[in-house]
Amino acid sequence: MYKLKTFIRELHSFLVLWSTQSLSSLGSSMTGFALIIWSYQQQGSALSTALLSVCSYTPYILMAIFAGALSDSWNKKITMLASDTFAALCTAASLLLLCTGRLEIWHLYLLNALNGLMSTVQRPAADVAVSLLIPKKYYQRTSGMQQLSNSLINIITPAAASAVLALAGIEAVLIFDLLTFAVAFIALLCFVKIPEPPAREEKRETVMQSVRSGLGYLKQNRGILDLILFLAVINLIASIYEAALPAMLLSREGGGEAALGIVNTAMGIAMLAGSVLVSFLPAPKSRVRVICNSLLFAMSTENFLLALGRSVPVWCIGAALGWIFIPMMNANMDVLLRNRIPIEMQGRVFSVRNSLQFFTIPIGYFVGGLLVDRVFEPLMASLPQGMFLTALFGSGKGSGAALLFFVIGFAGMFTCLFFRRDKNLWKLEE
């Protein structure tokens, strides 16, 4: 009981920030889920739906590398408040267009791009704010808590968004998103005090000097750089997966909106279990081994079960196996970076990290949507019944996406095995 009281006292500001921001993330996640369904129903194309994510990530990737100087020099709290407010205004614009019957897919592309642009300063500011609020001894536990909230969001989002959509329509989902923003905004404004990092003695850096500083740090720390590049390749494969998943589950026999929601819920439950594990397990002897093995297990199970499965239970098993160890991977990577990178350098290094690690995501979404619509679906549609590929992956719409899952399963396995042999990664254990 005493330890719990001490934990709450020492992490009071973090707990307020974490809980309210998680609630706001739930509202944003429900909006994203509802808009994916809306766009696929409007367009019937994996590529047009994937472009929602492409538009979100592309401005973020292009500008994130320059955000380090701003993140390290600006007040973290004001930066987060301004960025969150801008995101809420984008949601309000979507709601207005919906209510007037004028919402079109290109509106969402534009609003997502603007949101992505604001995230360039919000994300590193939030990362540094968490480091400033948490004593080092709690890094692993709080990382586990963040993974836990992400898992709960993944569990709740499909069911909650589907229920609200069915009962009150997409407008109600957007209104809920705005209400959760208001709660998070008030909590951050009134109840969270974020200390400023230690002042640096050297003169103030320009934006380009900040970029060079972040890149220089990574060049001198090859283990961290190689870990970021490893995750960049994994993100490429994972975003191809994300682009193909709605196309397969919404159109495949035995699929539909309910199937998509159930499979996403299975992912969330698996992540919840993994988050609970990482929150209470002691620190591992080798964090690098945990990262590599977690990703190898995920890549070598989920994609193949999604590809070869023909029913919701099999897809759910694949989703659970693919995501159960991801919170453990994320938490150990988070601890490695926070412990290895000096706090006064974290803003600029995290900004460079964000550009390098996430630049493959919009590429993956675009390539995934293109491969489904223009390559794998036409290929499967052209094959006669009884062929080897149709026997494995079925026929009709969605079978091409299933074949794509099979291909990226092997790509993911080979990527993990290749980076597992990287000596620079293992030097991070020293």
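I will try to describe carefully the structure that is included in this document.

Parameters and conventions
Residues numbered from 1 in each chain as written. Predicted model: local features only at pLDDT ≥ 70, side-chain atom pairs only at ≥ 80, totals over all residues. Heavy atoms only, no water. Helix = DSSP H or I, 4+ residues; strand = E, 2+ residues; numbered from the N terminus. Contact = heavy atoms within 4.5 Å. Buried < 20%, exposed > 50% of the residue type's maximum accessible area, 1.4 Å probe, protein only. Salt bridge = Lys/Arg side-chain N within 4 Å of Asp/Glu carboxyl O. Phe/Tyr/Trp six-rings, centres within 6.5 Å; stacked < 30°, edge-to-face > 60°. Axes fitted to C-alpha atoms, helices over the stretch in contact; angles between N-to-C directions. Parallel < 35°, antiparallel > 145°, perpendicular 65-115°, else oblique. Nonpolar A, V, L, I, M, F, W, Y, C, P; charged D, E, K, R; others polar. Polar contact = N/O pair within 3.5 Å; in protein donor to acceptor, adjacent residues only side chain to side chain. Patch = residues over 30% accessible without salt bridge, like charges linked within 9 Å, V, L, I, M, F, W, Y side chains within 5 Å. Areas by Shrake-Rupley, 256 points an atom, 1.4 Å probe, with all protein chains shown as cover. Core = buried A, V, L, I, M, F, W, Y, C linked by side-chain atoms within 4.5 Å. Disulfide = S-S within 2.5 Å.

Right, let's talk about the environment of Leu165 for a bit. Positionally, Leu165 belongs in helix α7 (residues 139-168). Placed 131 residues apart in sequence, Leu165 and Ala34 show a C-alpha to C-alpha distance of 7.4 Å. The contacts of Leu165, once residues within four sequence positions are left out, are Ala34, Ile37, Ile170 and Val173.

Note that Ser94 resides in helix α5 (residues 76-99). The exposure class assigned to Ser94 is buried, which follows from its relative accessible area of 6%. Each residue touching Ser94, except ones within four places of it in the same chain, is listed here: Leu108, Leu111 and Leu174.

Position of Leu336 among the secondary structure elements: in helix α15 (residues 326-340). Each C-alpha atom, one on Leu336 and one on Tyr139, is 9.7 Å from the other, the two residues being 197 residues apart in sequence.

Enumeration according to the criterion identifies 3 salt bridges in this entry. In this structure, Asp334 engages Arg338 in a salt bridge whose closest nitrogen and oxygen atoms are separated by 3.1 Å. Taken as a pair, Asp334 and Arg338 lie in helix α15 at a separation of 4 residues, close to a single helical turn. There is no split in this pair, since Asp334 and Arg338 are both buried.

Right, let's talk about the packing of aromatic side chains for a bit. To describe a pair of aromatic rings, you give the distance between the ring centres and the angle between the ring planes. Taken as a whole, this structure holds 12 aromatic pairs when the rule is applied. Plain terms: the ring middles of Tyr57 and Tyr365 are 6.4 Å apart, the flat faces sit at 20 degrees to each other, and that makes the pair stacked. Remark: Tyr365 occurs in helix α17 (residues 360-382) and Tyr57 occurs in helix α3 (residues 46-64); sequence separation between them is 308 residues. Residue classification places Tyr365 among the buried positions, given a relative accessible area of 12%. Put simply, the rings of Phe304, Phe393, Phe406, Phe410 and Phe414 touch in pairs and so form one group of aromatic residues.

Interaxial distance between helix α11 (residues 257-280) and α15 falls to 7 Å at its minimum, and their mutual angle equals 45 degrees. Classified by the angle between their axes, α11 and α15 sit oblique to one another. Here Met271, Gly274, Ser275, Leu277 and Val278 of α11 come into contact with α15, specifically with Pro327, Met328 and Ala331. Here the residues of the contact of α11 with α15 are counted per class, giving 6 nonpolar, 2 polar and no charged.

Looking now at the side chain of Thr265. For Thr265, the position within the fold is in helix α11. At 2.8 Å, the side chain of Thr265 forms a polar contact with the backbone oxygen of Gly261. The contacts of Thr265, once residues within four sequence positions are left out, are Asn154, Ile155 and Pro158.

This part is about a nonpolar patch on the surface. Side chains of Leu23, Phe176 and Val183 sit close together on the surface and give an oily, nonpolar patch of about 210 Å² of accessible area. Within the fold, Leu23 resides in helix α2 (residues 12-43).

So, on to the nonpolar core. Membership of the largest hydrophobic core comes to 86 residues, with the highest contact counts inside it found for Leu227, Phe230 and Phe405. Here the element with the most residues in this core is helix α10 (residues 222-251); it accounts for 16 residues. Not counting residues up to four positions away in its chain, the partners in contact with Phe230 are Cys292, Leu295, Thr415, Cys416, Phe419 and Leu425. Leu11, Leu81, Ala125 and Val335 belong to the second largest nonpolar core, which has 24 residues in total.

To continue, consider the state of the cysteines. As enumerated under the stated definition, the model contains 0 disulfides in all. Cysteine Cys90 is unpaired, with the sulfur of Cys55 as its nearest cysteine sulfur at 13 Å. Its relative accessible area of 6% is what places Cys90 among the buried residues.

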